[in-house]
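# Descriptive analysis of the structure
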Amino acid sequence: MASPSTYRAIRVGAAIVFVGVALRHAVLAVSGDGDVARHWIFVPIDVALAALLVLRPRLAFWPAIALSVQQMASHGLSLSRSFLGTVPLDWASLAVCLFFPTLVTILFIERQDDNVGTSSEA
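Counting starts from 1 at the beginning of each chain's written sequence and moves along it residue by residue. Only residues with pLDDT of 70 or above have their local features reported here, since the model is predicted, and side-chain atom pairs are shown and tallied only from 80 upward, although totals for entire chains, interfaces and linings are computed over all residues. Heavy atoms throughout the structure, all of them, feed into the side-chain values; hydrogens and water do not.

## A look at the overall build of the protein
- A tally of regular secondary structure across the protein gives four helices and zero strands.
- Each principal axis of the C-alpha distribution contributes one length, and for the protein these read about 55 × 35 × 20 Å.
- Per-residue burial over the protein gives 31% buried out of 122 residues.
- Intrachain contacts of the protein at a sequence separation of at least 6 include 62% that bridge at least 24 residues.
- When the accessible surface of the protein is totalled, it reaches about 7,400 Å², and 71% of it is carbon and sulfur.
- Residues scored as positive are Lys and Arg, those scored as negative are Asp and Glu, and His as well as the terminal groups of each chain are ignored. Charge coordinates come from a single atom per side chain, which is NZ of Lys, CZ of Arg, CG of Asp or CD of Glu. The protein carries 8 positive and 8 negative side-chain charges, and their two centres are separated by 3 Å. To qualify as a helix, a DSSP run of H or I must reach at least 4 residues; to qualify as a strand, a run of E must reach at least 2; elements of each kind are numbered from the N terminus. Any residue under 20% of the maximum accessible area for its type is buried, any over 50% is exposed, and the rest in between are partly exposed; the area is computed with a 1.4 Å probe on protein chains only. Any two residues whose heavy atoms approach within 4.5 Å at even a single point are treated as in contact. In short, Shrake-Rupley with a 1.4 Å probe defines the accessible areas, and a residue's cover is counted only from the protein chains shown.

This is the structure in structure tokens:
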């Protein structure tokens, strides 16, 4: 069982990543790079998940799962093309496909540790 400060540090780090990604989406949207509407959709999503990770981590679990599923579909497909050798390795997709399952796992473990700490069983 990790310490609460370890979980908090991981969540704050992930929140910083989400804020950075939100800024990246905003820049891409303003510059008209790619699917502008999609970029604008992800700005508030990323900021909201960042806030949940810091302020209400127990509530972040299910949105993180939902976003993880969506990211695995989009970035997972891009990564699979890399693995097939049809395109160069997509480093961003690799990072996304490693980041989200790790985040969800950390949130799950933290929830379980919280449940153990509050359990009436000895």
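Next comes the rest of the write-up.
## Here's the deal with the environment of Leu52
- The topology assignment puts Leu52 in helix H2 (residues 36-55).
- Relative accessible area serves as the criterion here: at 23%, Leu52 is assigned to the partly exposed category.
- Considering only alpha carbons, one finds Leu52 and Phe99, 47 residues apart in sequence, at a separation of 17 Å.
- Contact partners of Leu52, with chain neighbours within four places excluded, come to Pro57, Leu59, Ala60 and Pro63.

## Notes on the layout of surface pockets
- Estimated volume of the largest pocket: approximately 350 Å³.
- Val21, His25, Gln71, His75 and Val96 are the residues nearest the centre of the largest pocket, which is lined by 17 residues in total.
- Looking at the lining of the largest pocket, the elements with two or more residues in it are helix H1 (4-31), H2, helix H3 (57-84) and helix H4 (91-118).
- Per element, the largest residue contribution to the lining of the largest pocket is six residues, and it comes from H1.
- Under the convention adopted here, Pro, Cys and the residues Ala, Val, Leu, Ile, Met, Phe, Trp and Tyr are nonpolar, Asp, Glu, Lys and Arg are charged, and Gly plus all remaining residues are polar. In the lining of the largest pocket, the residues fall into 11 nonpolar, three polar and three charged. A 1.4 Å probe that fits into a set of points on a 1 Å grid over the protein atoms alone but cannot get out defines a cavity; an open set with protein on both sides within 12 Å along at least five of seven lines defines a pocket, and lining residues are those with an atom within 4 Å of a point. Grid points are joined across faces, edges and corners, and a volume is the space filled by probe spheres set on the points.

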